[in-house]
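A look at the structure
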Amino acid sequence: MTTPLSNIRNFSIVAHIDHGKSTLADRLIQMTGGLDLREMKEQVLDSMDIERERGITIKAQTVRLNYKAKDGQDYVLNLIDTPGHVDFAYEVSRSMAAVEGSLLVVDASQGVEAQTLANVYHAIDANHEIVPVLNKVDLPAADVERVKTQIEDVIGIDASEAVEISAKTGLNIDAVLEAIVTRLPAPKGELNAPLKALLVDSWYDTYLGVVVLVRIIDGVMKKGQRIRMMASGAVYELDRVAVTTPKLVEVKELGPGELGVFTASIKEVADTNVGDTITEDKKPTQNALPGFRPAQPVVFCGLFPVDASDFDELRAAMGKLRLNDASFSFEMETSAALGFGFRCGFLGLLHLEIIQERLSREFDLDLIATAPSVVYEVELTSGETMHLHNPADLPDVMKIKEIREPWIKATILTPDEYLGAILKLCQDRRGIQTNLSYVGQRAMVEYELPLNEVVFDFYDRLKSISKGYASFDYQLGEHREGDLVKLSILVNAEPVDALSMLVHRSVAESRGRIMCEKLKELIPPHLFVIPIQAAIGGKIIARETVRAMRKDVTAKCYGGDATRKRKLLEKQKAGKKRMRQFGSVEIPQEAFIKALKMGDD
Ligand SMILES: Nc1nc2c(ncn2[C@@H]2O[C@H](COP(=O)(O)OP(=O)(O)OP(=O)(O)O)[C@@H](O)[C@H]2O)c(=O)[nH]1
């Protein structure tokens, strides 16, 4: 017997980073007996180690709670915990499509902040009923009235009935549960219609294989059923149907309005399309649900093992990561300086750093991330056109008729106060403004921009100059001819292809100078002077020098103190591990990321 629709509530929690979303989720689980205290590890929903250490949520987690309300009825509350960081906005919007309402958590001592706005817009766009929750009222700095006014002025939703809580002490958590029941709508759906379910997410579990998270819209999903993925046409037989509390608990069936998971011996995550509609093979629904646009990579770069013999391990590791993170794309690449590696696409700089951190931590791989690039069309004087993935492969300029670069149509939403700084940023990145209008309190500006001006730090620059309030989306446009030149970086007169990039002639000199200045700070002194140069073709356009210094760290410890000498040499050896040898110069691997940040940080 499935739960009647009127006794189901599906909701997400949206908040600015660190405002208390995960702590509140833990409290709700504790209050509804999802797990007993012994099982309640700190932040039970933030499952990945990196999430716990960085204190951020990456994957949306779903929990089913059983709650006896004050009206004496039993309710099923399905909670989706969503990522707060903008890199994972795509996860947020997908989770929103699966539920009917949101708790908007705002730290009563901080007030409405960047991601509060960015994430609540996702909830508003998904037509959610929104219940404001003021958290951390235990803090002396909490100012409930100010924050209520702010929510009404900045976001434009009524906060007079905001629930005031402390997720830390447990104050008033029961009022949140009552608000979920009384103020959020029950889902709609037809029990006797053909099965129609939304594929919300999928991941790879070492024991269960591919697990798929679904929201049932109509009909019933049960073990043994033959289902069809409407986008791919693939047909599977359900091995098991379950709910996550957050432990996985098998159930006989899932009815309309319910959130749950299934396994069906699906080989890999890539066989599932998030946003797809799932129906019963022999009695399919007539109309599929509106799907999701696949997440588009915003940042592209090359990833290479510091130690070339790690290549096969890197390939295997990336395949495993891809199983769990469908938004991470990669293809093989070779570099003269770095050997074999992969050109990868990410949702943003944080996503890049997390993938790199996971690869080094979970697979013990030391990697180098190279200069970002996009795919250029190079028309040669011979008449043929080549697709250039790697700037290092640019043919001799005498053979090039023209280079065409990909452009995008970008839409930026921002509170009016940041508009000026954003227009300047777009101008500096060769942007062409095509439209400027107002959507409520927000300015909406549309720009055509070269993709190579966006791939690396545009997104982060946009966030930092707008304090995270601006949101950015883009559609790929056509390729256009551009006066592009290859900017090479030479360290100790050796070209480092991993740092070469194609840039517009008008910005080549300033980019070259910034790169040399950064590398001068990032490359440690050696026993000899190291010249660092930027060049276009054979012409040097910028130069810095790394001074020489005595390198014998043990020179200071004389006499018999062998222990100290050994410790110092061990420390020096460990430091070498993360270096990459270029000719006679050792370049630390983080230099490749930091040198490329064009911002002032
Ligand atoms: N004083 C106080 N601290 C709280 C309260 N709720 C959460 N915190 C603390 O605030 C910090 C962030 O809490 P989280 O629940 O991880 O915040 P979050 O919104 O989940 O952050 P992300 O997972 O990064 O999105 C933690 O140190 C919590 O202990 C509260 O009610 N009062």
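Just so you know, these numbers come straight off a predicted model, no measurement behind them. Within every chain, residues take consecutive numbers counted from 1 along the sequence as written. Given that this is a predicted model, residues contribute local features only at a pLDDT of at least 70 and side-chain atom pairs are listed and counted only at 80 or more, while totals for whole chains, interfaces and linings are drawn from all residues. To obtain the side-chain values, all non-hydrogen atoms of the structure were included, while hydrogens and water were left out.

Another aspect to go through is the confidence of the model for the protein chain. On a range of 0 to 100, pLDDT expresses the predictor's confidence in each residue. Per-residue confidence for the protein chain gives a mean pLDDT of 83; residues scoring 70 or more make up 83%. Averaged pLDDT values for the elements of the protein chain fall to 51 in helix α2 (residues 49-54) and rise to 98 in strand β6 (residues 163-164). Scored below 50 in pLDDT, residues 42-47 shows 26 contacts in the model against residues more than four places distant or in partner chains. Contact criterion: two residues are considered in contact whenever any of their non-hydrogen atoms come within 4.5 Å of each other. Contacts of residues 54-58 to residues separated by more than four positions or lying in other chains number 27 contacts, the stretch itself having pLDDT below 50. For this predicted complex, the interface confidence reaches an ipTM of 0.98, while the overall pTM sits at 0.68. Under the scheme used here, helices are H or I runs from DSSP no shorter than 4 residues and strands are E runs no shorter than 2 residues, and both carry numbers assigned from the N terminus.

Turning to the sheet that holds strand β15 (residues 259-263), a few remarks are in order. A strand pair is defined by DSSP finding two or more bridges across the two strands. Sheet architecture is open: eight strands sit in the order β11-β10-β16-β7-β8-β15-β12-β13, paired in antiparallel fashion. The sheet is open, and its two borders are formed by β11 (235-237) and β13 (248-250), each paired with just one other strand. Strand after strand, the sheet turns through a mean of 40° between neighbouring axes, direction not considered. Bridge count for strand β7 (residues 196-205) against strand β16 (residues 277-280) is three bridges, and the pairing is antiparallel. Bridge pairing links K196 to T279 in β16. Inter-axis angles, ranging from 0 to 180 degrees, are taken between N-to-C directions of lines fitted to C-alpha atoms, where helices are fitted over the stretch in contact.

The next point concerns the nonpolar core. Here, nonpolar core refers to any group of buried Ala, Val, Leu, Ile, Met, Phe, Trp, Tyr and Cys residues whose side-chain atoms link them within 4.5 Å. Here's how the labels work: a residue is buried when its accessible area is under 20% of the maximum for its type, exposed when over 50%, partly exposed in between, all with a 1.4 Å probe on protein chains only. Membership of the largest hydrophobic core comes to 53 residues, with the highest contact counts inside it found for I412, F458 and F472. Take this core: its biggest share by element is five residues, from strand β23 (residues 400-415). The domain boundaries here were taken from an automatic or database domain assignment. Each of domain 1 (5-183) and domain 4 (376-482) accounts for three or more of the residues forming this core. Not counting residues within four places of it along the chain, the set of residues in contact with I412 comprises I422, C426, A443, M444, V445, F458, L462, A470, S471 and F472. Grouped together as the second largest cluster of nonpolar side chains are 30 residues, L522, I523, A534 and A591 included.

Across seven bridges, strand β30 (residues 530-536) lies against strand β31 (residues 539-546) in antiparallel orientation. In the strand pairing of β31, I536 is matched with K539. Linkage of β30 to β31, two consecutive antiparallel strands, is achieved through a turn of two residues, within which G537 is found at a positive phi near 60°.

The next subject is the side chain of S466. Along the chain, S466 falls in the loop between α10 (458-465) and β26 (471-481). Polar contacts, as used here, are pairs of N or O atoms within 3.5 Å; protein pairs need one atom able to donate a hydrogen and one able to accept it. Residues neighboring in sequence count only if both atoms are side-chain atoms. A polar atom in the side chain of S466 sits 2.8 Å from the backbone oxygen of L462. Beyond its immediate sequence surroundings of up to four residues, S466 is in contact with Y418 and I422.

Here we come to the packing of aromatic side chains. Pairing of aromatic rings covers Phe, Tyr and Trp, the last through its six-membered ring, and needs centres within 6.5 Å; plane angles under 30 degrees mean stacked, over 60 mean edge-to-face, and all others mean tilted. One pass over the structure, following the stated rule, counts four aromatic pairs. Ring geometry for F311 and F340: centres 5.9 Å apart, planes at 55°, overall tilted. A residue pair is termed long-range when its members are at least 10 positions apart, and F311 in helix α7 (residues 311-324) and F340 in strand β19 (residues 339-346) qualify at 29 residues. With relative accessibility at 10%, the residue F311 sits in the buried group. Ring centres of F311 and F342 lie 5.3 Å apart, and the angle between their planes is 5°; this geometry places the pair in the stacked category. Of the two residues, F311 is situated in helix α7 and F342 in strand β19; the sequence distance between them amounts to 31 residues. The pair F311 / F342 is uniform in exposure class, with both members buried. Within the aromatic cluster, the residues linked to one another by ring pairs are F311, F328, F330, F340 and F342. Counted as over-ring charges are cases with an Arg CZ or a Lys NZ within 6 Å of the ring centre that also lie within 35 degrees of the ring normal. K463 extends its terminal NZ or CZ atom over the ring of Y459, reaching a point 5.9 Å from the ring centre. For the cation-ring pair, R480 lies above W407, with the distance from its terminal atom to the ring centre recorded as 4.4 Å.

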